[in-house]
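Listed here are the chains, written in short residue letters.
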Amino acid sequence: MSATAQSVGAKSAGDLSPVMASMSRKFDFLLVPILFLAITGAVHIHVMLLAGDWDFWVDWKDRRFWITITPIVTICFPAAIQYVTWVYFRLPIGATLCIVGLLFGEWMNRYWGFTIWSGFPATLTWPAMLIASALILDTVLMLSRNWLATAIVGAPLFALLFYAQNIVILAPYHVPMEHMGQLMSIADMIGYAFVRTATPEYLRMIERGTLRTFGGESALIASFFAAFICMIMYAAWWKLGEIGSRQTWIKSMFDKSAKVRA
Amino acid sequence: MKNKIISLLGGVAIMVTSLTALYAPQAGAHGERSQEPFLRMRTVHWYDTNFSTNRVAVNSEMTMTGKFLLAEAWPEVIMKPDVAFLHVAEPGPAVAKVESWLNGVPAAKSFKLELGKTYEYKIIVRGRKPGEAHIHPMLNVQSAGGLVGPGQWTLIEGNYEDFTYPVTTLTGETIDLNTYGFANVVKWHIIWAIPALFWLLWWIRRPVFIPRFLMVQNGEEDALITGTDKKVAIAMFIGTMVLVTMSSNSAKEAYPIQIPLQSAIIPVEALPVTPQNSAVKAKILKANYRIPGRSMTMTLDVTNGSATPIKLAEFNSANVRFTNSLIPTLAKTDSAELWAKGGLHVQGEPTIYPGETARLEIEASDALWETERLSSLIGDPDSAFGGVLYFHGADGKTYMEEISGPIIPTFQ
């Protein structure tokens, strides 16, 4: 009895006995939630440590640093996990799995930590969207079947789509208003009104002007720079995925499984 | 036997650790006493602090006003206030900031300030989250952190659900800052979650790990991706690009007027120099801190450059007021400040006449040295103190002078 829909016949290595097929599926059901939570924890702590404030606060989501840093930091784990899921299992879901896990962790953190515990309004602390970037990275890998093509095409798209997919939720916050005789965006005003004692205004690492010399297209320039760096990051973390998955005990475990099947 | 002892000890350790969860006292304020004395004594001298009320309803306003003098004896180990921000210290946004002003200049952005100068602030906040909150004015200085002013326990009454923060944009729309835009954020996160979950389920609905791994190991990986999978992937790719394009275009149409985040360093002029903050000069000759007595003694020469006789009324350091009980007119005007009433003793002739230089020996003693954790200044590597002396003039005005200098502890 075939255990996979793609089995190529009775001689396929994927053909398992009914007992083994049943156990294999139970193993899937056991491992998938564990892996999801493990990946959620790993990706979440990685992104929060390296891009935390830009993702925490609406008044940090600027046209320069947020757009540059977030994709560069976020593509790391998707690349490494893609190596494992693609090379060992031919599953083109590594990036989507990481980003769904990241967003799951972020929403839990923002709701329980920032809103319920600390009392910040959710409009100040929502996380950025990255799913479009992840879907593109996965589909490019699957359709090209080549990590280098994914690094050259998918990774830049991962970065270029970041700002584009978030405009729809960010635009309302960049509407101008006047307060105390000064021009502010609504995002600035939200950050001003809802006090973060340890985060004075000057701590915000946001656009302060230099990219405006390029025709005012700060977001576009930042996106292309992030796209370029993402190519390198993707290749580096794909390789790290390869190194990290050189686990001899895993091979040993599956070798034993193959022997049992035989 | 050995294992039993280890198990027993482990069990006891787990029980003791678990029991600590039963003791979770409320955090009283937010650690302003934990700041090193040199940060509190030699940076920002807050005075005339006033809170308009100590009870505020949700949506009602409270005003904090006062002045601060930036010490000329600013510690070398921290950056000067070239980038500073007038802020509020509170446990989360219990009150929302409505307005803040420094010498009449709006304080939404950061300032460049000067040492030795005096600034006057006004902060208006609005009750938001019911409960009791310890609220302070605060000056954040880049690389120095938050330098906290006198605090007040403030009772915020009412219902959080009633809180609103209406503002009007330059496009004429009136919005509630507390909730603005969030429903749209949730909507788009859900919209994008649908294709993501579909993509994951598309793959994990089939056996995931062992059969696929075996097939890949056997060189049969091409069989693991079907023609339908490819069609779904192409559809996902195109659909993603289309949705991104459509959503970003719709946002640009809905919000044609947008500005980048605003940030700047704003110059602000200090309060003018007047006889009240410049006519009296003091020079520290000697200062000791007597640890058993929790008292500080100073010998100093005071020159009265004003046109009126003056008497030393108060020594203020790190938001603690040591006042001279022999000057009955001195009232506690500030409910927030820590007050060592009668804690200041002056030896010798208390009146200093115009043009006269008098040598004063003063003692500032109170348990507040200990409870406010100021006595730990003897552990500082530069062993120095700072503060402000306030003199009452016969003309009814108050004259002030910043003092600072080395201090030597006395252990007997």
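Throughout this description, residue numbers start from 1 for each chain and increase along the sequence as written. Following the order in which they are written, the chains are lettered starting with A and the ligands numbered starting with 1. Residues qualify for local features only when their pLDDT is at least 70, as the model is predicted, and side-chain atom pairs are given and counted only at 80 or more; totals for whole chains, interfaces and linings, by contrast, use all residues. Heavy atoms from the whole structure form the basis of all side-chain values; hydrogens and water molecules are not counted.

1. Digging into the confidence of the model for chain B
Interpretation of the predicted coordinates at a detailed level should be avoided for regions scoring low in pLDDT. With 95% of its residues at a pLDDT of 70 or more, chain B shows a mean pLDDT of 90. Interface confidence in the predicted complex, given as ipTM, is 0.91; pTM for the same model is 0.87. Per residue, pLDDT captures the predictor's confidence, and it can take any value from 0 to 100.

2. Some remarks on helix 3 (residues 182–204) of chain B
Taking 1.5 Å per residue, 23 residues should reach 33 Å; helix 3 of chain B reaches 32 Å between its end C-alpha atoms and fits that length. If you check which residues of helix 3 of chain B are buried, you get Asn184, Val185, Trp188, His189, Trp192, Pro195, Ala196, Trp199, Leu200, Trp202 and Trp203 of chain B. Taken together, the buried residues of helix 3 of chain B touch helix 4 (94–117), helix 6 (131–144) and helix 7 (147–170) of chain A together with helix 4 (210–217) and helix 5 (227–254) of chain B. Only runs of H or I of at least four residues qualify as helices and only runs of E of at least two qualify as strands under DSSP, and these elements are numbered from the N terminus. Every helix has an expected span of 1.5 Å times one less than the residues it contains. Buried means the residue's accessible area, taken with a 1.4 Å probe over protein chains only, is under 20% of the maximum for its type, while exposed means over 50%, and partly exposed covers the values in between. A contact between two residues is defined here by any heavy atoms of the two lying within 4.5 Å.

3. Some points on the side chain of Arg25 of chain A
Its location among the elements puts Arg25 of chain A in helix 1 (residues 18–56). Judged by its relative accessible area of 18%, Arg25 of chain A falls in the buried class. In protein, a polar contact means a hydrogen-donor-capable atom and an acceptor-capable atom, both N or O and within 3.5 Å, with residues adjacent in sequence counting only if both atoms are side-chain atoms; elsewhere, any N or O pair within 3.5 Å suffices. Separated by 2.9 Å, the side chain of Arg25 of chain A and the backbone oxygen of Ile204 of chain B make a polar contact.

4. Remarks on the interface of chain A and chain B
Listed by partner, the interface residues are 102 residues for chain A and 100 residues for chain B. Note: buried area is the sum, over both parts, of the accessible area (probe 1.4 Å) each one loses when the two are combined. Where chain A abuts chain B, roughly 8900 Å² becomes buried across the two surfaces, and 72% of that area is made up of carbon and sulfur atoms. Here, a salt bridge means any side-chain nitrogen of Lys or Arg that lies within 4 Å of a carboxyl oxygen of Asp or Glu. At the boundary of chain A with chain B, the tally comes to 1 salt bridge. Where Asp222 of chain B meets Arg145 of chain A, a salt bridge forms, and the shortest distance between an N and an O atom there is 3.1 Å. There are 29 residue pairs in polar contact (both at pLDDT 80 or more) connecting chain A and chain B. Here the element with the most residues in the side of chain A that touches chain B is helix 6 of chain A; it accounts for 9 residues. Just so you know the grouping, Ala, Val, Leu, Ile, Met, Phe, Trp, Tyr, Cys and Pro go in nonpolar, Asp, Glu, Lys and Arg go in charged, and all remaining residues, Gly too, go in polar. Counted by class, the side of chain A that touches chain B contains 65 nonpolar, 19 polar and 18 charged residues.

5. Re the state of the cysteines
When two cysteine sulfur atoms are found within 2.5 Å, that pair is recorded as a disulfide. Within the structure shown, the criterion is met by 0 disulfides over all chains. Here Cys98 of chain A is not disulfide-linked; the sulfur of Cys76 of chain A is the nearest cysteine sulfur, at 10 Å.

6. Focus on the pairing of strand 11 (residues 152–157) of chain B
Residue and element names in this part refer to chain B. Side chains of strand 11 alternate between two faces, with Gln152, Thr154 and Ile156 buried and Trp153, Leu155 and Glu157 left unburied. Across 3 bridges, the pairing between strand 2 (residues 55–57) and strand 11 is parallel. Each bridged residue has a counterpart across the sheet, and for Ala57 the counterpart in strand 11 is Glu157. Two strands pair when backbone bridges link them, and strand 9 (residues 131–141) and strand 11 are joined in this way by 5 bridges, in the antiparallel orientation. Within the sheet, the bridge partner assigned to Ala133 lies in strand 11 and is Thr154. Between any two strands, pairing holds if DSSP finds at least two bridges.

7. So, helix 4 of chain B
Residues and elements named next belong to chain B. Burial of helix 4 is extensive: 7 of the 8 residues sit out of reach of the surface. Those residues of helix 4 lying buried are Ile210, Pro211, Arg212, Phe213, Leu214, Met215 and Val216. Gly219 occupies a position one or two residues after helix 4 and carries a positive phi of about 75 degrees.

8. Considering the domain arrangement of chain B
Taken domain by domain, chain B comprises domain 1 (32–171), domain 2 (182–254) and domain 3 (275–410). The domain boundaries here were taken from an automatic or database domain assignment. Between the C-alpha centres of domain 1 of chain B and domain 2 of chain B the distance comes to 49 Å.

9. Thoughts on the pairing of strand 23 (residues 398–406) of chain B
Note: strand 22 (residues 384–393) of chain B against strand 23 of chain B, 9 bridges, orientation antiparallel. Looking at the pairing, Tyr390 of chain B lines up with Met400 of chain B of strand 23 of chain B.

10. Structural notes on the sheet that holds strand 3 (residues 61–70) of chain B
All names here are of chain B. Pairing is antiparallel across the open sheet formed by 5 strands, whose spatial order is 1-3-8-5-6. The open sheet has two edge strands with one neighbour each: strand 1 (44–51) and strand 6 (105–106). Across 9 bridges, strand 3 lies against strand 8 (residues 118–127) in antiparallel orientation. Residue pairing for strand 8: Lys67 is matched across the bridge by Glu120.

11. Details of the nonpolar core
Ranked by size, the top nonpolar core spans 150 residues in total, and within it Phe68, Leu113, Tyr165 and Leu177 of chain B carry the most contacts. The element best represented in this core is helix 7 of chain A, accounting for 13 residues. Two domains each donate at least three residues to this core, and these are domain 1 (32–171) and domain 2 (182–254) of chain B. In this structure, Leu113 of chain B is in contact with Phe68, Leu70, Pro81, Asp82, Ala84, Leu102, Tyr119, Leu139 and Val268 of chain B, ignoring residues within four places of it in sequence. Think of a nonpolar core as a cluster: buried Ala, Val, Leu, Ile, Met, Phe, Trp, Tyr and Cys residues, connected wherever their side-chain atoms sit within 4.5 Å.

12. Remarks on a nonpolar patch on the surface
All names here are of chain A. A cluster of nonpolar side chains, namely Leu37, Phe104, Met108, Tyr111, Trp112 and Ile116, defines an oily patch on the protein surface of about 620 Å² accessible area. The greatest single-element share of the nonpolar patch, amounting to 5 residues, is contributed by helix 4. Here Leu37 shows up in helix 1. For Leu37, a relative accessible area of 54% puts it in the exposed group. Patches here: salt-bridge-free residues with over 30% relative accessible area, like charges joined within 9 Å, nonpolar side chains (Val, Leu, Ile, Met, Phe, Trp, Tyr) joined within 5 Å. The method behind every accessible area is Shrake-Rupley, applied with a 1.4 Å probe, and residues are considered shielded solely by the protein chains displayed.

13. A short note on the environment of Val19 of chain A
On the secondary structure map, Val19 of chain A appears in helix 1. Val19 of chain A sits 90 residues away from Asn109 of chain A along the chain, and the two C-alpha atoms are 41 Å apart.

14. Some remarks on the packing of aromatic side chains
Ring pairs (aromatic) are described by centroid distance and by the angle formed between their planes. For Phe, Tyr and Trp, rings pair up if their centres lie within 6.5 Å, where Trp contributes its six-membered ring, and each pair is then called stacked (planes under 30 degrees apart), edge-to-face (over 60) or tilted (otherwise). Using the criterion set out here, one finds 35 aromatic pairs over all chains in the structure. When the centroid spacing of 5.6 Å and the interplanar angle of 40 degrees are considered together, the rings of Trp126 of chain A and Tyr173 of chain A count as tilted. Of the two residues, Trp126 of chain A sits in the loop between helix 5 (122–125) and helix 6 while Tyr173 of chain A sits in the loop between helix 7 and strand 1 (176–179), which places them 47 residues apart along the sequence. By the burial criterion, Trp126 of chain A is buried, and Tyr173 of chain A matches it. Grouped by ring-pair contacts, the aromatic residues Phe27, Tyr83, Tyr88, Phe89, Trp147, Tyr234 and Trp238 of chain A together with Phe209 and Phe213 of chain B constitute a single cluster. Both a distance and an angle decide whether a charge sits over a ring: NZ of Lys or CZ of Arg must be within 6 Å of the ring centre and within 35 degrees of the ring normal. In this arrangement the basic side chain of Arg110 of chain A is found over the ring face of Phe114 of chain A, its NZ or CZ atom lying 5.7 Å from the centre. Over the ring of Trp57 of chain A we find Arg196 of chain A; its NZ or CZ atom is 4.8 Å from the centre of that ring.

15. Observations concerning the pattern of salt bridges
Residue and element names in this part refer to chain A. Within this structure, the stated rule accounts for 17 salt bridges over all chains. We note a salt bridge from Glu106 to Arg110, for which the minimum N-O separation is 3.6 Å. On the criterion of helical spacing, the pair formed by Glu106 and Arg110 is a turn pair, its members being 4 residues apart in helix 4. This pair shows no difference in class: Glu106 is buried, exactly as Arg110 is. Here the salt bridges do not stand alone but share partners, grouping Asp59, Asp188, Arg196, Glu201 and Arg204 into one network.

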